[in-house]
Amino acid sequence: LEVRAKYRVWSDGAEISDGDNHGAWESMALRNLFAKVVNAVGCTVAGLHDFAKLVPMLTRLGARHVGYGVPESYWQVLGNALDLSLSEI
């Protein structure tokens, strides 16, 4: 996926094949991506009291992500992954 490639910055400089993801969980790129997700969720929760600011922020976020080309059939899986991730923090 293009998104995965965008955030694929391995700290040791070694490329890991798509079939070998053992290093992915230790990747600084993955940690940075997770931090962005947590930040977006935090901004959303903090913005619940002001929909006039929250709706445009979420609209811009969604517009940026449309370009990643994730098929609609994946949305449920992504939503489930987000739910699981949030339940762990």
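Residues numbered from 1 in each chain as written. Predicted model: local features only at pLDDT ≥ 70, side-chain atom pairs only at ≥ 80, totals over all residues. Heavy atoms only, no water.

1. Thoughts on the overall build of the protein
Within the protein, the secondary structure is distributed over 4 helices and 0 strands. Counted from the first residue to the last, the protein has its helices and strands arranged as α-α-α-α. Nonlocal contacts in the protein, meaning residues at least 24 apart in sequence, comprise 28% of its contacts between residues at least 6 apart. By element, 63% of the accessible surface of the protein is carried by carbon and sulfur atoms, the whole surface being about 7000 Å². (Helix = DSSP H or I, 4+ residues; strand = E, 2+ residues; numbered from the N terminus. Contact = heavy atoms within 4.5 Å. Areas by Shrake-Rupley, 256 points an atom, 1.4 Å probe, with all protein chains shown as cover.)

2. Notes on a nonpolar patch on the surface
A cluster of nonpolar side chains, Val45, Leu48, Phe51 and Val55, forms an exposed patch at the surface whose accessible area comes to about 390 Å². Along the polypeptide, valine 45 turns up in helix α2 (residues 28-46). Looking at valine 45, the relative accessible area reads 53%, which means it is exposed. (Patch = residues over 30% accessible without salt bridge, like charges linked within 9 Å, V, L, I, M, F, W, Y side chains within 5 Å. Salt bridge = Lys/Arg side-chain N within 4 Å of Asp/Glu carboxyl O. Buried < 20%, exposed > 50% of the residue type's maximum accessible area, 1.4 Å probe, protein only.)

3. Overview of the packing of α2 against helix α3 (residues 51-66)
Orientation of α2 relative to α3, taken along the N-to-C sense of each, is 155 degrees, at an axis distance of 10 Å. On the basis of the axis angle, α2 is roughly antiparallel to α3. Judged by the twist between their axes, the crossing of α2 over α3 is left-handed. Contact residues: α2 offers Ala40, Cys43 and Thr44, while α3 offers Leu54, Met57, Leu58 and Leu61. Of the residues contributing to the contact of α2 with α3, the split by class is 6 nonpolar, 1 polar and no charged. (Axes fitted to C-alpha atoms, helices over the stretch in contact; angles between N-to-C directions. Parallel < 35°, antiparallel > 145°, perpendicular 65-115°, else oblique. Left-handed = near helix turned anticlockwise from the far one by under 90°. Nonpolar A, V, L, I, M, F, W, Y, C, P; charged D, E, K, R; others polar.)

4. A closer look at α2
Because the α-helix completes a turn every 3.6 residues, residues three or four places apart line up on one side. Here α2 contains 19 residues, and its C-alpha end-to-end distance of 26 Å stays within 8% of the 27 Å for a straight helix at 1.5 Å per residue. Backbone nitrogen of alanine 29 and a side-chain oxygen of the N-cap are separated by 3.0 Å at the start of α2; the cap is serine 27. (Expected span 1.5 Å × (residues − 1). Polar contact = N/O pair within 3.5 Å; in protein donor to acceptor, adjacent residues only side chain to side chain.)

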